[in-house]
Every structure is written in C-alpha cells, then in structure tokens.
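Here is what each chain is made of, one letter per residue.
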Protein chains: 2
Amino acid sequence: MESQREDVPANRTNEINRRDFVQRAAMTAAAFAVTPPLSFLPESSKADVLAQIPKQHDQTVKMLRDWIALPSIAAENRGYPQGAEYMASLARNAGFQHVELVPTAGKPGVFATLDAGAKTTLGIYFMYDVKQYDPAEWSSPPLEGRIIDRPGVGKVMVGRGATNQKGPETALLAALHAFKAAREKLPVNLVLVAEGEEEIGSPNFSQVIAKPEVAAALRKSIGVIIPMGNQDADGGVQINLGAKGIVELELVSTGEKWGRGPKRDVHSSLAAQIDSPAWHLVQALNTLVQADGHTPAVPGFFDKVRPISPALKKILEDAIAKRSEASAKKALGVSRWINDEDWHDSLVRLVSQPTINIQGLVGGYTGPGGKTILPHRAIAKIDMRLVPDMTAKETLGLLKAHLAKGGFGDIEVNMTGGYDPTETDPDSRLIKAQIATYREAGIEPLLWPRLAGSWPGVTFTGAPLKLPAGQFGLGHGAGAHAPDEYWLIDSANPKVAGMDGAVRSFVEFFYACA
Amino acid sequence: MESQREDVPANRTNEINRRDFVQRAAMTAAAFAVTPPLSFLPESSKADVLAQIPKQHDQTVKMLRDWIALPSIAAENRGYPQGAEYMASLARNAGFQHVELVPTAGKPGVFATLDAGAKTTLGIYFMYDVKQYDPAEWSSPPLEGRIIDRPGVGKVMVGRGATNQKGPETALLAALHAFKAAREKLPVNLVLVAEGEEEIGSPNFSQVIAKPEVAAALRKSIGVIIPMGNQDADGGVQINLGAKGIVELELVSTGEKWGRGPKRDVHSSLAAQIDSPAWHLVQALNTLVQADGHTPAVPGFFDKVRPISPALKKILEDAIAKRSEASAKKALGVSRWINDEDWHDSLVRLVSQPTINIQGLVGGYTGPGGKTILPHRAIAKIDMRLVPDMTAKETLGLLKAHLAKGGFGDIEVNMTGGYDPTETDPDSRLIKAQIATYREAGIEPLLWPRLAGSWPGVTFTGAPLKLPAGQFGLGHGAGAHAPDEYWLIDSANPKVAGMDGAVRSFVEFFYACA
C-alpha cells in the first residue's frame, strides 16, 4: 500500500517512528495484546474465537513467512499469475466460499465472498503485490522472512511485503482462521477484492470493481477496509478520513522524438554543434514548479482544489495539537519545513496542497566519475499528489498541455499509474466501528482529515460505488518500500500490538461492524 | 585519449566513420600499407627497418592483445600500479635505455628516454589507462582482444583500449622494435612521458612533467606527439592544430549541505512539507544555459574567449569546404544542428564556442517504473569545454561564483579533472614533419584549427614548456569509450593502413622529424 508511509523515511536508517504524533490516551492504556476480553456481544462465542489466536500463533507466523517467500512485483513482471493464485488459495483456506481470479488488461485481481448469513456486509481490499527490492541493501534475505529482535520494538519478521501489506493482511486472514477453529459464525459477511498492481499505481484495478457481480457484492457493504498496522512505536493510531490522489509518470526527453539533438549518445564535445535532450528536459522541468522550488506552476493546477471543509478543519486543528514536531523532524531527517513555516502551517500544507515531486532523475552516464558524452535521452520520474476535487486524468491533461505550450510537446509523458483523491465521511458506520474498536482497546485514535500519501480508495469512495473506505488494524511495521521492511510479531511494548494483537483487532472489528 | 572522438557516437551502433570529412586526395592515393618504399634518407637503412615490420606482425598483434588484457581504470582504481609497471616494461623492451616510474598524488606516471645520439629529439606522450566498460554491452569479452572480421573495414581487434590508446601506442612501440631487429639507429632521440589518469581528466599529469629531469628532457624536443590512428574509413587524415580545454565536474545537491529538505530519502507525499534537493538542482542547472538550451549563461564565461586568428580562420574555411555534412549527420544520428545553422556555421561554432554539457543526471530512484520517494540527493555530471584563452581554473571559479550568487552555493561543485585549451603553430617542425609524412604516403592531410574534444596537450604547449604538440599516426580504430571498441589490424581498404601501415607511419615520421 502506497498510502501509509508519508512520514516513513525510505531507507534503512529509518527507525521506529511510523507516526510522528503521539496519542496521549494510548500512553496510559494498553492495546489488545494485553487487554482483557472486551464487552462486545455475544461475549461467550467471541471469547471462544479470541482464545484460538494464541493457539494458532505459529501457524499465523508461518502463513506470513510463506507468503513473503512468493513475491509478485508488477514493475518487474515477476510472480504472475502465481501471486494471484496464491492469494486465491489464502482466501479459500480462510473460509471464503466463493473465490475467483478476475483477469484484467494487466495482472489478475481476485474476488471472493464469505456469506455468514449476517445482516451486515464488510468489504475488504487486499494487495498481493510488493515493491521491488535490492537484496544487497538488506541485512537478511528479503524473501526469507527471518525473525530478528529489534531493540525497543520486539521480535519482528523482516521481509519484502512484511508490513506493506502482507503482515496486516495475514492478521485479517488469521482472524478468519480463528473463527473457523472456534466453529463460530462470523458476525459479518465479507467481500474481498484483491489486486496485484498496487505498487505501480493500480492501473487496472477499476476493471476488477467494474465487474457486475463484484460491484453488486460491494454495494451491499458498509464500506471497505484495507488491513494495516496502524500503530506507531508508542501504540498510537491514526484514522485517515481520506487520502490524496496521485499521478505517477515519466518525462522522457529524446533526440528522436524532439527532432533535434542526437538519436544516440555522442561525444560531449559536440555540445557546441548539437542540441541536448538533457538540457531540454531540465528546461521543461524548470517550468513545472515556481521559483520557490515547490509550488506547482502548471496552469490550472489549483483550479479544482476545494478548500478543506469547516468540519475537517476542526478535525485537523484538533489533530495538529497532538502531533510532535520534534519527533517528526527526527524521524524524517529534516531541520526546516517549506518556507520555514511553523509546525501548524506545515501540517496544514501537508494535508491541503497538491504537489509535483521528482522521484528520480536518470540520463546519460550515471556511474562513478564522468564520461564525456552528450546523452540522447534523459528521464525524470515524477509524482503529482492531488487533493479533492482534482482528478488524475484532468491533472495529467493540464501537465501535457503546459508542456506542449512551452515548447516541450515532444517530451513523452508516460503515466505509469495513479488515481483520484479519496474521502470518507467520519460519521459513516465504517469509521464509527473503527473508532469504537480502537477505544475498546484503550486507544483514543487520532482522526486525520487526509493522508498526504495515496491509495486507490477512490475505486470505492468514488462513483459509482461511493462507499466509505479506509485503513484499519492494530499492529506495527515499518520500512515499506525500503530495505529491512518488517512486521512486528512479538511486541516489546505493551502498548503496541504484536501479530496476535493485530489478529484480535480484526476479530473485534467484525463484531463492532455488526 | 579523450580528444579524438568528437564525431564518434559513443555506442555500438556507431559504424566506421571516425571522421566525417573526406579528403579527396586520399581517395586516389594509397596509404603506407600499399605504397612502395619512400624517398627519405638514408634509403638503404630505412628499407631494412621497414622490411622488419611484416616479419614481426604476429609479435606486434600479440603485444597489443597482451596489453588489452591488463586494463588500468582510474575511475575504478583498478590495475595500479601494475599498469604503470607494464608500461615501463613495454618501454624497456622497445629500446628505451632509461625508464622510471614517476609517483604522483594519484596514479604513477612513466618517464623514459632513448638516446640515439641523434641531433633531433622527439617527445612522445602515452596514456596507459583505459575507459571503464560494461562487458554485458560487448559482443566479445572486452579484455580478450578477439580478432573479428568487420565487413568493409577488415580484420580488427576488439577490446577496451584497442584504439584509445593502446593500438596506436603499440604501433609506435613496434616501430622501435623494427629498428632493433634491423640493428639500425633511430634518426631521433626519444623522450617518453606516460600517465595512467587520462580518462579521468589527467588530474596529476602536470606533476610528472614538473619533475626537473623530465622537463629538461622534453625541452630538448621539437615537440610531443600522442600516437593515434588518424585515418577515417576512407583513409583521410586530419591534423589538429589545437584542442579545446575541459572541466569535468559533478554538481551535487543534498538536503544535508542545503540545510533544507531531507537528509535521507523520504516518502514523496512529504513534498508538500519538505523542500526537494532534486528541484533545487534542476533550478540551479537551469541557470547554466540560456533559453536557447545551449549557450552558457554563466556570467564572464565568454570574457576570455579569443577570436580565431585570420590564419586559423583561413585554415578552417579551407577545411570546412572538404567536410561532408551528410556523412556527419549519418554518423552522429543527427538531423539538425544548433539553431538550425547550416553546415558551415555549425562547424565554425564547433571550433570556436565553449560549452556546458550535461553528461549525466542521477538522483533518487532510477530503476524501472517509479518509487514514491523524495530523494535527499541529486547529481548532474557536467563537462565544460574551453577555448583559448579560457582556463580550467578560472572557468570553474566563474561557475562556483554564479551558483553562489544565485542561491545555489550549497550545491557541491566537485571537479573530477580537466585542463586548459591547447594550440600548436602550423609552421612548427613537428607539424611540418607530420604533413610531409602523410603526403609521402599519398595522403593530403586536412588541417583543422581546433579539435572540439580535449586532450592534456596544454601540459606541453602551455607554460613553462611551450612545445608544439599533437596527434600523429596512420591506422584506424573506433568505439573509444563505447562497447566493441576496435583497432584495425588487416585493412579491407587499401587506402586505410592496418597495423603494419600504422607501424610504418611511425618509422617514416622519425625520419621526417630528423
């Protein structure tokens, strides 16, 4: 899942602060891992289910390890369709009665239903793909799922996909296994939709949802959750009421398309005679942000930006007061915010402003030292983050029109993925059930109006489904997209749930939804 | 040698046109490979020497192959001091009586003298290092020195350093072996200076020359040549009366040095809150060239540019008339010149204008697809080409001052190498001997006022030595700095010298100098 990591440094020096806010209530309460049985009804059957969780602990850990060993990486076209087939078997084993692969123009999705004869239906979104990785950067093999002791955190499983998203997804599946083992009926029916291209921007997921029987099944639900280890190192939990949208793209400048410059790399002395696609790219890039180095300068970029509503503004102000600037700066390796704004204003900006970011630059010679060439090709990897009511399609169009008008129409704009912003009503049953579950565990969740990161929730919150959607789950992990990604198995901190506590949170949530 | 490749595309699609001009005289004459013995004195002894060349052919080819097998690559700190020691042994075997390694702050140089008791002394410059390479891009192993048949060219040896510069250097050494085998005295004394850091811009070569006994030995010479296969695919030869200087550098933008932005990669959603070192670099780069995308915009950059003299202008105009635009465009994969200038004006620009070129861009995520990070670091690899009377030191200073003044003083300017422009008098004995040798071989050389590429000739032409210096040699190779670099062994074209013809050209040149 792309969304959850907005304050997670993407390298190994990242330590444990997945969230920089600290929910004081959480400091004095304990998470599921150590709380006594809760008071949701029906108590006795729920207790039976919860009692299964520690018994099946080893089996749950093995389920995660086995899944990590089988990566599906869309950017590398690796692990398909095996990843989808494995996802389907996991769903079947967990008790879904109907399970099917859903072909798309890209990688297959998975659609599954579990009819418990309940009045309430809950939608669940899974991603079965993971981010690419470089084993050389890891301290243990990325596919091994090695358990190591992480000082101050506890026993964690290290592996690609551990927290993003197989760990939390495994916890949800393990919750279903607990119901099976206890021979108890689920209090809710489930509709599962899974995709294998989340890490490349979910280019084909809408095709899964568009299938009539899938859409019909989801329509019956109170909303859709993506399982997530929502706890920071101190046990605090954030509930996001929406997320920014995203457009990921490459800008590719080549002599061939330009009709100027060389069609292949030539000697750099020829810069006196031949135009440079690399300078052309630099000049195009320079027009994308204002002189301040960050404000998007693409005409029309802000036209559709809807101001934050008074209700969300109130939620934002309440939350800002609870977030710690010092721990954020430390976690991120940052000493100043944009424009030297104070903490309050920088958080308002984080929530409310769309962005154009350079993810990467690559062109010509990139090795050690120099090489006297004039490259025929240079690429910028870009992401644009969108706020309501911007759309990915319109924003991409604005960018293309701007480039064309500025004399950069030859630069290829290759969108690799993206989706619109998403919003969920804080008064929806889905969010209320989340809040109730967290509070029952002794945690006062921090409501946050909009994640600056992105996830394809708009597939659910947008037309035609218009369902509530959001992340849910206790538990903790870190290092998504980075080396040594991990998921907490046995917690060293009683306020933070380990794997069993994460499993428990889903059992409790099912009851809360019902 | 960095200088010779100004019209050589740096990739494998480059075919045979190392020079895009065609010297008509060469079309009807034959190179040494097929000409009868020449008329320089003393005829009988020279004939004895020349007669040795075909006899030692296999030995000469083996000398090149063995040398290719031992690469020295300064950028990778590979093959030192072995490369210098090997260079010394090659000199000793060729008849140099005094040979010594000269330590520098970087890789060692080599100094050698051959006293033939002659009236005239000739200086020789060798580089024993080669450019880095990626074996995956080669069709035969880069260190094997495999002989392959290249259609239309002949039998060539493929290997890193084959033409740049071990092939031509081997030819010169083989000429000395021919004198030894014939038991003939050389008509000139020789002073050899070699370095192992040419490919990183000769950062320490001046230390070799500064040694009193080296400087004293060179001062006795009529000038210095670097051996080179000067023939294009049609047999034509160009004599360069100078070369542009160069500054190679990296511009490094980091959050750490900037004091803004992150100190490590963070999630790209934080672009709304945290400044971007990548945008900072783009904005700095954008100030380096004018809106036309090529004219340097660094204040003072053109202040020291001396207009081409009337004498050189005459030489330039004569040469332009003989160069083919069509073959240049084809060889380079180019359809238009800068500003849509005509061939004449674009060549005037090539010779007369200094440049700022982007060799490479590298920052953040550079792999396939995207990765949602805000990189803490981005780098541009730059080279600046200088014309007289610009100097590397002053130009670097101008660049730094410009960046500082524009608010980019935090961007590191890491110079990796470079040297001043070089000029040699067309009326010097060295150039006259070159012309005479080529004409004797039936080739009317094309005089060219200034190579747009660069070589550290200023070490010889500049203060304090102020000697003539330039490339010399028949023979042909291509692919310098590129995959499948080769040196011609047995020519398919009677107008182009193979290895034996190249060896012969050095024998003849020694007599011409005397």
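These remarks concern the structure in this document. (Residues numbered from 1 in each chain as written. Chains lettered and ligands numbered in written order. Predicted model: local features only at pLDDT ≥ 70, side-chain atom pairs only at ≥ 80, totals over all residues. Heavy atoms only, no water.)

1. Details of the nonpolar core
No. 1: Within the largest apolar cluster, 93 residues are counted, with the highest numbers of intra-cluster contacts made by L190 and F510 of chain A.
No. 2: Beyond its immediate sequence surroundings of up to four residues, L190 of chain A is in contact with F96, A112, T113, L114, L122, I124, L176 and F510 of chain A.
No. 3: L114, I320, M499 and Y511 of chain B belong to the second-largest nonpolar core, a separate cluster that totals 92 residues. (Core = buried A, V, L, I, M, F, W, Y, C linked by side-chain atoms within 4.5 Å. Buried < 20%, exposed > 50% of the residue type's maximum accessible area, 1.4 Å probe, protein only. Contact = heavy atoms within 4.5 Å.)

2. Considerations on the interface of chain B and chain A
No. 1: Each partner contributes to the interface: chain B provides 92 residues, whereas chain A provides 92 residues.
No. 2: Between chain B and chain A, roughly 7600 Å² of surface is buried when both sides are summed, and carbon and sulfur atoms account for 52% of that area.
No. 3: Interface area lost by chain B to chain A is led by R264, Q273 and W279 of chain B, which between them contribute 12%.
No. 4: Here chain B and chain A share two salt bridges between them.
No. 5: The residue D340 of chain A makes a salt bridge to R260 of chain B at a minimum N-O spacing of 3.1 Å.
No. 6: In this assembly, chain B and chain A are joined by 46 residue pairs in polar contact (both at pLDDT 80 or more). (Buried area = accessible area lost by both parts, 1.4 Å probe. Salt bridge = Lys/Arg side-chain N within 4 Å of Asp/Glu carboxyl O. Polar contact = N/O pair within 3.5 Å; in protein donor to acceptor, adjacent residues only side chain to side chain.)

3. Some details on the relation of the copies chain B and chain A
No. 1: Of the transformation superimposing chain B on chain A, the axial component is 0.0 Å and the angular component is 180 degrees, with the fit at an RMSD of 0.1 Å. Taken together, these values place the two copies in the relation of a two-fold axis. Rotation axis and chain B: the residue whose C-alpha lies nearest the axis is V362 of chain B, separated from it by 2.3 Å.
No. 2: By residue overlap, the copies meet face to face through one surface: 100% of the interface positions of chain B are interface positions in chain A. (Least-squares fit on C-alpha atoms with pLDDT ≥ 70 in both.)

4. Let's talk about the pairing of strand β12 (residues 355-364) of chain A
No. 1: Across the 10 residues that make up β12 of chain A, a large majority, nine, are buried.
No. 2: Summarising the sheet, β12 of chain A and strand β12 (residues 355-364) of chain B pair through five bridges and their orientation is antiparallel. From the neighbouring strand, V362 of chain A faces β12 of chain B, where its bridge partner is V362 of chain B. (Helix = DSSP H or I, 4+ residues; strand = E, 2+ residues; numbered from the N terminus. Pairing = 2+ DSSP bridges.)

5. Points about the sheet that holds strand β2 (residues 109-114) of chain A
Residue and element names in this part refer to chain A.
No. 1: Strands sit in the order β1-β2-β6-β3-β7-β18 across an open sheet of six strands; the sheet is mixed. Where the open sheet ends on each side, the last strands, each with one partner, are β1 (98-102) and β18 (469-472). Neighbour to neighbour, the strand axes of the sheet diverge by 25 degrees on average, direction disregarded.
No. 2: Relative to strand β6 (residues 188-195), strand β3 (residues 120-127) is paired through eight bridges, and the arrangement is parallel. When the sheet's bridge partners are listed, L122 is paired in β6 with L190. (Axes fitted to C-alpha atoms, helices over the stretch in contact; angles between N-to-C directions.)

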